[in-house]
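Descriptive structure summary
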Amino acid sequence: MTLKASLIVDKDFVVGEIDERIYGSFVEHLGRAVYNGLYEPGHPSAGEDGLREDVLALVRELRVPIVRYPGGNFVSGYNWEDTVGPRAERKRRLELAWRTIETNEFGLNEFVDWTKKANAEVMMAVNLGTRGIDEARNVVEYSNHPGGTYWSDLRRSHGYERPHRIKTWCLGNEMDGPWQIGHKTAAEYGRLAVESAKAMKWVDSSIELVACGSSTLQMPTFPDWEATVLDHTYEHVEYLSMHQYYGNAEDDTPTFLARSLQMDQFIHTLIAVCDYAKAKQRSKKTMLLSFDEWNVWYHSHAADAARDPWSIAPPQLEDVYTHEDALVVGCMLISLIKRADRVKMACLAQLVNVIAPIMTATGGGAWRQAIFYPFQHASTFGRGRALVPLVRSPKYDTKEITDVPYLEAVAVHDEAAGQVTVFAVNRHLEEALPLEIDLRSFGECRVIEHLVLENENLKAVNTERDPERVKPHAGGDAAVDGAKAAARLAKASWNVIRFSVS
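To start, this report covers the structure provided alongside it. (Residues numbered from 1 in each chain as written. Predicted model: local features only at pLDDT ≥ 70, side-chain atom pairs only at ≥ 80, totals over all residues. Heavy atoms only, no water.)

**Here's the deal with the overall build of the protein**
Let me state the cut-off plainly: Here a strand is any run of E in DSSP of at least two residues, a helix any run of H or I of at least four, and the numbering for each starts at the N terminus. For a compact globule the rule gives 2.2 Å times the number of residues to the power 0.38, and the radius of gyration it is set against comes from C-alpha atoms. Each residue is placed in one exposure class: buried if its accessible area under a 1.4 Å probe, protein chains only, is under 20% of its type's maximum, exposed if it is over 50%, and partly exposed if it falls in between. By definition in these notes, contact holds between two residues if any of their heavy atoms fall within 4.5 Å.
Helices and strands together make up the secondary structure of the protein, namely eleven helices and 25 strands. What you see for the protein is a C-alpha radius of gyration of 23 Å, in line with the 23 Å of a compact globule of 502 residues. With the principal axes as the frame, the protein shows a C-alpha extent of 70 × 60 × 45 Å. Per-residue burial for the protein yields a buried fraction of 60% across its 502 residues. Long-range pairs, those at least 24 residues apart, make up 77% of the contacts in the protein between residues at least 6 apart in sequence.

Structure representation (structure tokens):
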């Protein structure tokens with residue numbers, strides 16, 4: 001078989017405008033995400049507020065526009081009131097989701113301060129596991145009401161005269177999961193979610209809300225869960241959430257690299273359920289999606305299982321990411337961009353230390369994991385309009401997934417900047433893939449750069465001692481000839497080809 005692929009990019013074949021919030025991330029009170037991640041008093045880079053400036057610098061490189069907080073499973077046992085006010089008066093709690101001790105030294109207000117330094121917005125989750133309507137309306141009042149009431153004046157007494165104006169709120173987390181504190185049936189959750197939503201919007205009508213969808217595509221209640229939840233919440237929320245993680249514990253790389261096709265199907269199915277709910281309710285509103293947990297996650301399972309409970313900020317979920325993990329993350333980013341018409345928010349889970357693109361050593365340095373780079377490239381260059389990817393590619397089969405194209409690709413048109421960016425993954429593990437890109441609808445164009453992330457060792461990783469073993473280079477060979485461009489995509493590679501267009 002002769003390997004060759006093609007991509008037609010037409011400026012009039014538009015999927016939709018990309019909401020920059022699809023390049024969001026997630027910080028949970030889990031492991032070293034917060035403590036010794038974002039926040040480490042006494043660290044050489046930390047200021048008086050205890051925030052690590054070296055971590056902030058890397059977060060700014062990622063251009064993360066929104067960060068989900070404080071969980072995750074953690075939020076279903078979360079008492080937000082414990083996290084505000086003088087630190088000396090804050091209560092230590094047993095944290096049941098991850099079986100640690102939570103000191104509450106870092107809380108709601110500190111996180112708001114951190115997001116301002118990170119140039120990000122807050123996506124705040126409320127506890128619908130052990131709590132409910134009262135807690136939800138109170139935290140909105142504390143956060144967003146100007147003053148003159150108990151909760152808003154309490155915030156002011158804590159040194160925050162102006163409201164935080166948190167716009168985006170999640171109605172709980174993974175409430176379909178039996179592992180969740182306060183797990184509910186779809187009907188139970190739907191009723192609680194809609195009543196919480198009403199009360200929250202009565203406090204602040206400007207907020208937008210995310211209802212819990214299924215925790216994974218594999219949940220036995222999917223997609224009945226969504227249909228029932230939307231029966232209750234459709235007219236009161238703006239988004240439905242999705243979560244999905246992939247792994248390669250079986251060391252079957254061809255199947256691992258094909259997992260994003262399952263992600264595509266997850267998105268397509270959920271859109272169909274949302275549109276069914278819209279028709280059923282005779283609604284004029286289109287439900288949008290928040291893919292607010294996604295990533296590769298499997299490396300740390302054995303270490304986490306062996307850990308003793310009830311310590312403070314132990315290392316947990318500290319996956320060390322490989323080059324092949326970066327390729328899967330790249331494919332997942334392409335999946336999100338391909339449905340930019342409906343997926344308007346997404347959160348790479350998580351941001352620092354815990355299944356994260358950024359790793360730190362307690363008291364030491366911070367470095368970029370392999371998955372940092374495709375996310376950074378997409379967040380930096382993937383803004384504008386997502387274009388329909390007309391792809392021709394040879395395919396392969398695995399035992400589990402068939403008709404897998406070697407080429408995974410999408411294009412983004414930034415009209416204001418006069419640029420088109422093609423994101424492409426070559427899934428072939430042994431051969432380079434020649435690619436022809438048809439750009440005729442854009443007129444005259446030229447190549448700005450062709451970035452490549454490649455490595456002879458699929459299992460190569462970055463560490464504190466060797467932080468640049470997996471790193472992109474600008475040595476790609478993309479070139480323009482008339483209305484077409486040609487490039488050679490290295491085996492097992494992530495590619496960013498940027499064009500200047502008229």
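**Examining a nonpolar patch on the surface**
What counts is decided by this rule: In this scheme, patches are assembled from residues that exceed 30% relative accessible area and form no salt bridge. Like charges are connected within 9 Å, while nonpolar side chains (Val, Leu, Ile, Met, Phe, Trp, Tyr) are connected within 5 Å. For the accessible areas, the method is Shrake-Rupley and the probe is 1.4 Å, while residue cover comes only from the protein chains on display. For this analysis, a salt bridge means a side-chain nitrogen from Lys or Arg found within 4 Å of a carboxyl oxygen belonging to Asp or Glu.
A grouping of Ile8, Phe13, Val388 and Leu390 is seen on the molecular surface, where their side chains present a nonpolar patch of about 290 Å² in accessible area. Looking at the secondary structure, you find phenylalanine 13 in the loop between strand E1 (5–8) and strand E2 (14–17). The class of phenylalanine 13 is partly exposed, set by a relative accessible area of 40%.

**Notes on the pairing of strand E20 (residues 419–426)**
Rules: Paired strands are those between which DSSP finds at least two bridges.
Across the eight residues that make up E20, a large majority, seven, are buried. Counted along the chain from strand E19 (residues 407–414) to the antiparallel partner E20, the turn is four residues long, and its residue glycine 418 has a positive phi close to 65°. Both E20 and strand E25 (residues 493–501) contribute to a ladder of eight bridges, which runs antiparallel. The residue bridging valine 420 from the neighbouring strand is phenylalanine 499, located in E25.

**Some details on unusual backbone geometry**
The linkage connecting tyrosine 69 with the following residue, proline 70, adopts the cis geometry, with an omega of 0°. Counting through the fold element by element, proline 70 comes out in the loop between strand E4 (66–69) and strand E5 (93–95). The linkage connecting phenylalanine 222 with the following residue, proline 223, adopts the cis geometry, with an omega of 0°. Positive phi, normally seen in glycine, also occurs at asparagine 119, with a value near 60°. Position of asparagine 119 relative to the elements: it lies in the loop between helix H2 (108–118) and strand E7 (121–126). A positive phi angle, close to 70°, is found at asparagine 353, a residue other than glycine. One can find asparagine 353 in the loop between strand E12 (343–349) and strand E13 (358–360). On the basis of relative accessible area, asparagine 353 is assigned to the buried category, the value being 0%.

**Overview of the sheet that holds E7**
Keep this limit in mind: As a rule, the C-alpha atoms of each element are fitted with a line to give its axis, helices using only the stretch in contact, and angles between N-to-C directions run from 0 to 180 degrees.
Reading around the barrel, the eight strands line up as E3-E4-E7-E8-E9-E10-E11-E12 and close back on themselves, with parallel pairing between neighbours. Along the sheet, successive strands turn relative to each other by an average axial angle of 30°, direction set aside. Lying over the sheet, helix H8 (residues 259–280) contacts strand E10 (239–246), strand E11 (288–296) and E12, oriented at roughly 160° with respect to E10. Lying on the sheet, helix H10 (residues 323–338) is in contact with E10, E11 and E12; it crosses E11 at an angle near 175°.

**Some points on the sheet that holds E19**
Spatially, the six strands line up as an open sheet ordered E2-E15-E19-E20-E25-E22, and their pairing is antiparallel. Each edge of the open sheet carries a strand with a single partner, namely E2 and strand E22 (445–453). The sheet shows a mean angle of 20° between the axes of neighbouring strands, taken without regard to direction. Pairing analysis gives three bridges linking E2 to strand E15 (residues 385–387), with the strands arranged antiparallel. If you follow glycine 16 over to E15, its bridge partner there is alanine 386. Each of E2, E15, E19, E20, E22 and E25 is contacted by H10, which is oriented at about 50° to E19, the strand it contacts most.

**Here we look at H8**
Note the cut-off: Here the expected length of a helix is defined as 1.5 Å per residue gap, with one fewer gap than residues.
End to end, H8 covers 32 Å across 22 residues, agreeing with the expected 32 Å (1.5 Å per residue, within 8%). Those residues of H8 that sit buried are Arg259, Ser260, Gln262, Met263, Asp264, Phe266, Ile267, Leu270, Ile271, Val273, Cys274 and Ala277. In the stretch just after H8, arginine 282 is the one whose phi turns positive, near 55°.

**As for the environment of isoleucine 448**
Mapped onto the elements, isoleucine 448 comes out in strand E22. For the pair isoleucine 448 and alanine 479, spaced 31 residues apart in the sequence, the C-alpha separation amounts to 9.6 Å. Filtering out sequence-adjacent residues up to four positions away, isoleucine 448 remains in contact with Gln419, Arg498, Phe499 and Ser500.

**Describing helix H4 (residues 150–157)**
Going by this rule: Arc, as used here, means the arc of the directions from the helix axis to the C-beta atoms.
Among all positions of H4, only Trp151, Ser152 and Arg155 are buried. Down the axis of H4, the smallest arc covering the buried residues is 100°, so these residues share one side. Exposed and oriented more than 90 degrees from the buried face of H4 are Tyr150 and Ser157. Directly after H4, the chain includes glycine 159, whose backbone phi takes a positive value near 100°.

**Section: the state of the cysteines**
Put simply, the rule reads: Only a pair of cysteine sulfur atoms within 2.5 Å counts as a disulfide in this structure description.
What the rule picks out here adds up to zero disulfides. We note that cysteine 347 lacks a disulfide partner, and the nearest cysteine sulfur, in cysteine 170, lies 7.1 Å from it.

**Digging into the pattern of salt bridges**
In total, this model carries 37 salt bridges according to the counting rule given. We note a salt bridge from arginine 52 to glutamate 40, for which the minimum N-O separation is 2.8 Å. Of this pair, arginine 52 sits in the loop between strand E3 (24–26) and helix H1 (53–62) while glutamate 40 sits in the loop between E3 and H1, and the two are twelve residues apart along the sequence. Look at arginine 52 and you get buried, because its relative accessible area is 0%. For glutamate 40, a relative accessible area of 7% gives the class buried. With its nearest N and O atoms 4.0 Å apart, the salt bridge here joins arginine 385 to glutamate 415.

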